[in-house]
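Summary of structural features
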Amino acid sequence: NLVPYTVDGFKAYADKCIKYICERYGIELSNNDYKGESMEMNITITLESEFNDYSYLLNLMGELSTGGRKRYKYYVHKDIDKKLTGIKLYSNSRTKKVYDKKKQLEKEKEIKIKLHKEYMRIEDTLLHQNIIKNTFGTCYINNITDENIKTYMFFYRSY
C-alpha cells in the first residue's frame, strides 16, 4: 500500500465489501449512508535522503506538539539499532503518525519488497464521528472528497 486510496477508491472497496456481505449473508446494506466512526487519511512522500536523517525534525515536532491549545502526547519509535523509525502524536480525538514507509514495507510484510527510494508516510486519524463532522462539515463518507482531504492534509495540519 505505497500509494494510498483515493476517496473514490475507498468507496469502490466499500461497495465491494457491501456486495460480498449481500451475496454471502443475504444482508442488504445501503452505500449512501456510510458514516465514519473514525477516519484515517494518509500521504506518502518520497524523500531525498534516509528517513533517519529527519530524526531531529521529527523529535522537534514531538516536543512542540505537547504545548499550546491542542496538547498531544508523543512516542518515538526506534529500531534495534536505536535509529528513529517513526513518531506518534496522540490525543483523545486524533492520532498523527509519521514513519519510515520503506522500512515498514520491506520488514513487516509477508511478501518481501525491495524499494530503491526512501518514503515517509504521514497518517492522520480522526478518532470520533463528531471530530470528522467538525473537520469536514459532515460525517457521511459520500460527502467527503479527495479535495477536502488534500486541503486538510496540506493546509490544516496543526500539531
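This text gives an overview of the structure that appears in the document.

On the surface, Tyr20, Tyr25, Ile27 and Leu29 cluster together into a nonpolar patch covering about 440 Å² of accessible area. In this structure, Leu29 sits in the loop between α1 (7-25) and β1 (39-47). Residue Leu29 is classed as partly exposed on the basis of its relative accessible area of 45%.

Now for the packing of aromatic side chains. The tally for this structure, following the rule as stated, stands at two aromatic pairs. Ring geometry for Tyr20 and Tyr25: centres 6.5 Å apart, planes at 85°, overall edge-to-face. On the numbers, 5.8 Å between centres and 55° between planes, the contact of Phe136 with Tyr152 is tilted. Of this pair, Phe136 sits in helix α4 (residues 129-136) while Tyr152 sits in helix α5 (residues 146-155), and the two are 16 residues apart along the sequence. For Phe136, a relative accessible area of 16% corresponds to the buried category. Taking the ring centre of Tyr90 as reference, the NZ or CZ of Lys88 above it sits at 5.5 Å.

It is worth spelling out the sheet that holds strand β5 (residues 118-126) at this point. Judged by pairing direction, the sheet is antiparallel, and its five strands sit side by side in the order β1-β5-β4-β3-β2 without closing on themselves. Both outer strands of the open sheet, β1 and β2 (73-78), are each paired with one neighbouring strand and no more. Across the sheet, the mean angle separating the axes of adjacent strands is 10° when strand polarity is ignored. Pairing analysis gives nine bridges linking β1 to β5, with the strands arranged antiparallel. By the bridge assignment for β5, Ile45 is matched with Met120. Where helix α2 (residues 55-64) meets the sheet, its contacts fall on β2, β3 (84-90) and β4 (94-100), and the angle it forms with β3 comes to roughly 15°. Taken strand by strand, α4 contacts β1, β4 and β5, and its axis lies near 105° from that of β5.

For the rest of this paragraph, the subject is the nonpolar core. One finds Met41, Val98, Phe136 and Ile149 to be the most contacted residues of the largest nonpolar core, which totals 25 residues. For this core, the secondary structure elements donating two or more residues are β1, α2, β3, β5, α4 and α5. Among the elements that take part in this core, β1 stands out by supplying four residues, more than any other. Not counting residues up to four positions away in its chain, the partners in contact with Val98 are Phe51, Leu58, Met61, Thr85, Gly86, Ile87, Met120, Arg121 and Ile122.

Attention now goes to the pattern of salt bridges. Under the defined criterion, the tally for this structure stands at four salt bridges. Linking Lys102 and Glu118 is a salt bridge whose minimum nitrogen-to-oxygen distance equals 3.1 Å. Pair noted here: Lys102 is in helix α3 (residues 101-108) and Glu118 is in strand β5, with a separation of 16 residues, a long-range link. Each member of the pair, Lys102 as well as Glu118, is classed as buried.

Our focus in this paragraph is the pairing of β4. β4 sits mainly inside the fold: six of its seven residues count as buried. Direction of pairing for β3 relative to β4: antiparallel, over a ladder of five bridges. By the bridge assignment, Leu89 is partnered in β4 with Lys96. The turn joining β3 and β4, which pair antiparallel and follow one another in sequence, is formed by three residues. In the sheet, β4 pairs with β5 via seven bridges, with the strands oriented antiparallel. Each residue of the ladder has a partner; that of Asp100, found in β5, is Met120.

Reading guide: rules and limits
Each residue is numbered by its place in its chain's sequence as written, counting from 1. This being a predicted model, a pLDDT of at least 70 is required before a residue's local features are given, and a value of 80 or more before pairs of side-chain atoms are given or counted; all residues contribute to the totals for chains, interfaces and linings. For side-chain calculations, the full set of non-hydrogen atoms in the structure is used, while hydrogens and water are omitted. Exposure above 30% relative accessible area and the absence of a salt bridge qualify a residue for a patch, where like charges join within 9 Å and nonpolar side chains (Val, Leu, Ile, Met, Phe, Trp, Tyr) within 5 Å. Computed with the Shrake-Rupley method and a 1.4 Å probe, the accessible areas treat only the protein chains shown as cover for residues. By convention in these notes, a salt bridge is any Lys or Arg side-chain nitrogen within 4 Å of a carboxyl oxygen on Asp or Glu. Helix and strand labels come from DSSP, where a helix needs a run of H or I of at least four residues and a strand needs a run of E of at least two; each type is numbered from the N terminus. Three labels apply to residues, based on accessible area from a 1.4 Å probe with only protein chains included: buried if under 20% of the type maximum, exposed if over 50%, partly exposed otherwise in between. Two rings from Phe, Tyr or Trp (for Trp, the six-membered ring) form a pair when their centres are within 6.5 Å of each other. A pair whose planes differ by under 30 degrees is stacked, one over 60 is edge-to-face, and the rest are tilted. The rule for a charge over a ring is simple: NZ of Lys or CZ of Arg within 6 Å of the ring centre, and within 35 degrees of the ring normal. Should DSSP find at least two bridges between two strands, the strands are regarded as paired. Working convention: axes come from line fits to C-alpha atoms, limited for helices to the stretch in contact. Angles between N-to-C directions cover 0 to 180 degrees. Every residue pair with non-hydrogen atoms within 4.5 Å of one another is taken to be in contact. We call a set of buried residues a nonpolar core when its members are Ala, Val, Leu, Ile, Met, Phe, Trp, Tyr or Cys and they connect through side-chain atoms within 4.5 Å of each other.

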